[in-house]
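# Tertiary structure, described
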Amino acid sequence: MPDTIKRTLELVVKGQNFLLHPQKALFWMEQRALVLADAHFGKGRHFRKNGIPVPQMQAEVDYDRFIGLLLEFKPAQVIFLGDLFHSSYNEEWTSFSEIIQKFHTTQFILVKGNHDILKPAIYEAAGIIVKEEPWKLGPFALCHHPLEQHQTEYAIGGHLHPGVLLKGVSHQRLRLPCFYFGKTQAVLPAFGSFTGLHLVQPETESRVFVIGDGQVFEKS
Amino acid sequence: MIEEALQWAEKKGWTPFEFQIKTWRRYFDGDSGMVNAPTGSGKTYALLLPILLEQKHLGGDGITAIWISPIKALTREIAASAEAGIADLEMRATVGLRTGDSTASQRAKQKKNPPHILITTPESLHLLLASKGYESFFSSLRTIVVDEWHELLGTKRGVQVELALSRLKHIQPRLRIWGISATIGNLKEAARILTGKESFTIVRASIEKKISVIPVLPSERERFPWAGHLGIKLIKSVIPIIQSGKSTLLFTNTRAQCEIWYRALLEEAPDLAGWMAMHHGSLSSEIRDWVEESLHEGTLKVVVCTSSLDLGVDFRPVETVIQIGSPKGIARFLQRAGRSGHQPGAISKIYFVPTHALELIEAAALRAAIVQEELEHRIPYVRSFDVLIQYLVTLAISDGFKSEELYREIKSTYSFESITPEEWGWVLDFITTGGSSLQAYDEYAKVSIDEKGVYRVDNKKVAMRHRLSIGTIVSDAVLQVKYLTGGWLGTIEEWFISQLKPGDTFWFAGRPLTLVRVKEMTVLVKRGGSKKGKIPAWLGGNLSLSSNLSIELRRQMSRLASQTFDGVELEALNPILEVQAYRSAVPKDEELLIEYFQDKEGFHLLFYPFEGRYVNEGLASLVGYRIGQQLPISFSIAMNDYGFELLSDLPLSFEEKDIRQWLSKDHLTRDLQLAVNATEMAKRKFRDIASIAGLVFKGYPGKPKKDKHLQSSAQLFFEVFSDYDSDHLLLLQAYEEVMIFQLQEERLRKALDRIGQQQLKITFPQKATPFSFPIVVDRLRESMSSEKLEDRIRKMKLLLEKD
């Protein structure tokens, strides 16, 4: 099968239509939902506050990418699959809330991940609805952590910051972030740019979509 | 006092060596300098005795002498010698140890009652500079001795020593500084860097050791295989050597090789079980200490080790030394050979076991090199801003520092002699505001400046994290290996463990272990499992053949080509050279051999400059980059000490003039820099830099949970700085280190000069040749591409576990 080469890539899962976006986001057409995992906003500032210098520009670029997606899809809802904000409260939260307040027709929902340790009042003040995982929506269970055991619903999560290794002839190797769609669950790439990559080993019957050069490619 | 020293020797029934007497004299004259003597020659007493005598006669409260040793194991030995000397001289003085093993109560006691003689390591000395009131702690200091300085000089720990000395010299301007060093090519420079003085003494011990190099060859009936790794294949010839000796050190070049040999010896000679042990830098200190003690007691028949046993105390029971594979340098080989034959006048025997057939030529090269005694230089690190940043925060934690005063001190060291006021300003910015790329100054918390202009750390958490990070000059992705039931075995790299699943077996510390689970930074294992488990490798373990040994290797090569080679290895080498000559060619002195062939892996282009792996890597990147400028192409690059390979999936057409252009010196610096940018070399160097400069916080046992939110990797920082702050001094340092230490730009330039004079001998073999084989099979490869990422992705497939 030749690689599908488009900026975004269309995918049908459980009868629902998705767009896989190279900015490491998923758009669920039926729900008009933009789904992001592991944004880790505020991470750079958290580091700086602890004496580890991370360039400010990194955060700005992530905001720009986020705003770009909101403008492109005009989603009815944005669903964060955990690790929205990196650690305890810092001023970066203000910048983030200012952005989302400009999109008042959009609903923002957070499925809580291990990094999401802010007080409930803070999310509330920003207008974010917080859900515990697994949060069931349509035929899916939306999570942060990948599920250890299969549930009735197909799970969509994050947490892993998944990536795969590609190999070519002549010992060529490439390490790229990916969307991973397994038999019982999917794992989204980490949206945040100051996050690492964790290599996953694709199981049989899984579909892997790598991101590179501003495109999404299905690989087998 | 010199009389008393002589009397002491007489009483012990020793005849002092000339170099010892000379050192005593110079010491009492108040000189600083360097004692050049090998291990086991009485170098310790050359300096320890005058220190003790001076203490006996001049007295003095508090620390009067500091002895710095590169390894902990050695500090105990020195302390024991000092205690013995104190007893002999019937004097009152105290000796104290300060290492990573010192407990909190020992440290507190030492602070209250400082010993007269403090024995420590570079890292622990820096920790002392991180404690408040260190100036008065060191105010009685007269002397500093740095042991095994040759070993520290070419490392960042050497820079650590230089910086600590610059501070102590400020506290005590009349400080005497002495070093002890084995013979190296740049001994004078080494002495000048350490003492920081224009005039200094060098005392050379003229103890001649006869060394005999014995190649281990396969038995006559066996054909010498040229294809493949044959290290283990010679094990049957190695076992009798071990069995006939009293105690043997078997040196390997990498930790992985160490594990492989240990397992193979256990399989081949099961009766050695209980009599053999292993020693390498990733094993826990408990295991290493036990091995060292057993070596002293003579209860071990063989220890399989790496450079971790190059240094340090003399193991008297050791009679035999075996070297597996190329030792890569003449100095290192001599040091290892010197581990045997302790009786004066005894011949040190060292057996050389080649790991591939061509390495036999190196046996001959080593023999010739030993006669000429042309030892390598140790290239000192300069402008290591990571170490400087760590040091400044260290001082800011304790008593603080003032910019102008410290700038003068720093500039007096060799390492930072060339630092500019702008760079100094950058470093101060980095520790106070986080550096130029941060806009939000107010939030950054590390070092602050008080109203008197003193740089200090107020944040207790920052101070604690910093103390824990001093001395971690190691890469970031290291995991601890522990038994489920408790007991620490050592450390392993993350990339290796990530290939395993729970239940898989791997070999580590010479035993099969079953992976139970990985929890944060710990790999939990249980004993036992399959005998066939994977053996870990540690990245960055590959040394390069030194320039001196490369020259000698080329000389022996050309003798082979002109049939004037007369070493005992010739008979074993002949069949290989015949195959090489038949399939391709054996290059003469005035020829550069280039091979080009195709197989199912792709198109192989090989060059054989015989320049050592680092320079070969530099040449490979340069050629790869220049070809890539002419057409979109991806290469995977492999090299060894003899040559390098560029492998691609596209055919190349080239003529002699193309090759001349790829190897031209025009725009060399520019092209090299661009070539480095196209590879991951700088990213790898950045691992250490990020860790030392405190960017990457590795966590520590019992850490508060929230500290997990500060975990990251050097790679992330490399990327974020490359994207948003490409003039970052630490980033530039990574590139500079690649140029100086990896590609060795100066050597590379000379190599291109030499190649420019050579004729090109281009052959098109049908398949791999004896020369190309060891390179072609190497799987640890660098890659480089001028193709569009999109095109590369399209050509590739998912890497699945079964591959």
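Think of each chain on its own: its residues are numbered from 1, step by step along the sequence as written. Written order decides the labels, with chains lettered from A and ligands numbered from 1. Residue-level local features of this predicted model are given only where pLDDT is at least 70; pairs of side-chain atoms are given and counted only at 80 or more, and the full residue set underlies all totals for whole chains, interfaces and linings.

## Some words on the overall build of chain A
Only DSSP runs of H or I reaching four residues or more are called helices, and only runs of E reaching two or more are called strands; each is numbered from the N terminus. Secondary structure assignment for chain A yields four helices and 16 strands. In summary, chain A has a C-alpha radius of gyration of 17 Å against a globular reference of 17 Å for 220 residues, a match within 12%. Along the first, second and third principal axes, the C-alpha atoms of chain A reach 50 × 40 × 35 Å. Between the buried cut of 20 or more and the exposed cut of 12 or fewer other C-beta atoms within 10 Å of a residue's own C-beta lies the partly exposed class, and all C-beta atoms are placed from the backbone. A burial count over chain A gives 48% of its 220 residues as buried. Radius of gyration means the value over C-alpha atoms here, while the globule rule gives 2.2 Å times the residue count to the 0.38 power.

## Some thoughts on the domain arrangement of chain B
For the domains described, the bounds stem from an automatic or database domain assignment. According to the domain assignment, chain B consists of domain 1 (2-204), domain 2 (210-372), domain 3 (478-527) and domain 4 (584-795). Put simply, the middle of domain 1 of chain B and the middle of domain 4 of chain B, counted by C-alpha atoms, are 43 Å apart.

## Comments concerning the sheet that holds strand β3 (residues 95-98) of chain B
Residue and element names in this part refer to chain B. Overall, parallel pairing links the seven strands, which are arranged β3-β4-β2-β5-β6-β1-β7 in an open sheet. Each edge of the open sheet carries a strand with a single partner, namely β3 and β7 (201-204). Geometrically, the sheet is characterised by an average inter-axis angle of 15° between neighbouring strands, direction not taken into account. Bridge count between strand β5 (residues 143-146) and strand β6 (residues 176-181): four bridges; the pairing is parallel. If you follow Ile 144 over to β6, its bridge partner there is Ile 177. Sitting on the sheet, helix α4 (residues 72-88) is in contact with β2 (65-68), β3 and β4 (117-120), with an inclination near 175° to β3. For two strands to be treated as a pair, DSSP must find no fewer than two bridges joining them. Axes, fitted as lines to C-alpha atoms, cover a helix only where it is in contact. Angles between the N-to-C directions of the axes lie from 0 to 180 degrees. Contact definition: two residues whose C-beta atoms, as placed from backbone geometry, lie within 7 Å.

## Examining the packing of helix α16 (residues 385-397) of chain B against helix α18 (residues 421-432) of chain B
Residues and elements named next belong to chain B. With their axes 10 Å apart at the nearest point, α16 and α18 run at an angle of 55° to one another. One way to sum up the angle between α16 and α18 is to call them oblique. In this structure, the crossing between α16 and α18 has a hand that is right-handed. Together, Phe 385, Leu 388, Ile 389, Leu 392 and Val 393 of α16 and Val 427, Phe 430 and Ile 431 of α18 make up the contact between the two elements. Looking at the contact of α16 with α18, its residues break down into eight nonpolar, no polar and no charged. Our angle categories are set so that under 35 degrees counts as roughly parallel, over 145 as roughly antiparallel, 65 to 115 as roughly perpendicular, and the remainder as oblique. Handedness of a helix crossing follows the sense of rotation of the near helix relative to the far helix, less than a right angle counterclockwise being left-handed and clockwise being right-handed. Charged means Asp, Glu, Lys or Arg here, nonpolar means Ala, Val, Leu, Ile, Met, Phe, Trp, Tyr, Cys or Pro, and polar covers whatever is left, Gly included.

## Here's the deal with the packing of helix α23 (residues 613-630) of chain B against helix α25 (residues 668-677) of chain B
All names here are of chain B. Two numbers describe how α23 lies on α25: the axes approach to 9 Å, and their chain directions differ by 90°. In terms of their interaxial angle, α23 and α25 are classed as roughly perpendicular. For the pair α23 and α25, the contacting residues are Gly 618, Ser 621, Leu 622, Gly 624, Tyr 625 and Arg 626 in the first and Asp 671, Leu 672, Leu 674, Ala 675 and Val 676 in the second.

## Let's talk about the interface of chain A and chain B
The interface of chain A with chain B comprises 41 residues on the first partner and 48 residues on the second. Those elements that provide at least two residues to the side of chain A that touches chain B are α1 (43-49), α2 (57-73), β11 (162-168), β12 (172-181), β15 (207-212) and β16 (215-219) of chain A. Residue classes in the side of chain A that touches chain B are distributed as 17 nonpolar, 16 polar and eight charged.

## Looking at α4 of chain B
Three or four residues apart is the spacing at which side chains of an α-helix point the same way, because the helix has 3.6 residues per turn. Residues and elements named next belong to chain B. Taking 1.5 Å per residue, 17 residues should reach 24 Å; α4 reaches 25 Å between its end C-alpha atoms and fits that length. Along α4, the positions that sit buried rather than exposed are Ala 73, Leu 74, Thr 75, Ile 78, Ala 82, Gly 85 and Ile 86. The secondary structure elements touched by the buried residues of α4 are α3 (43-58), β2, β3, β4 and α13 (285-297). Phi for Glu 90, located one or two positions after α4, is positive at around 45°. Between the first and last residue of a helix there are one fewer steps than residues, each counted as 1.5 Å, and that sum is the expected span.

## Some remarks on the confidence of the model for chain A
Confidence of the predictor at the level of single residues is given by pLDDT, which spans 0 to 100. Per-residue pLDDT for chain A averages 92, and the proportion of residues at 70 or more is 97%. For the stretch residues 1-5 of chain A, pLDDT sits under 50, and the model shows seven contacts to residues farther than four places along the chain or on other chains.

## What to know about unusual backbone geometry
What is expected of a backbone is that most residues other than glycine have negative phi and most peptide bonds are trans. Residue and element names in this part refer to chain A. Cis peptide bonds are those with omega within 30 degrees of zero, and the linkage from Glu 133 to Pro 134 qualifies with -10°. Positive phi values are uncommon outside glycine, yet Lys 24 reaches one of about 65°. Along the chain, Lys 24 falls in the loop between β2 (16-21) and β3 (25-28). For Lys 24, a count of 25 C-beta atoms within 10 Å puts it in the buried group. Phi at His 40 takes a positive value of approximately 50°, unusual for a residue other than glycine. Relative to the helices and strands, His 40 is located in the loop between β4 (33-36) and α1.

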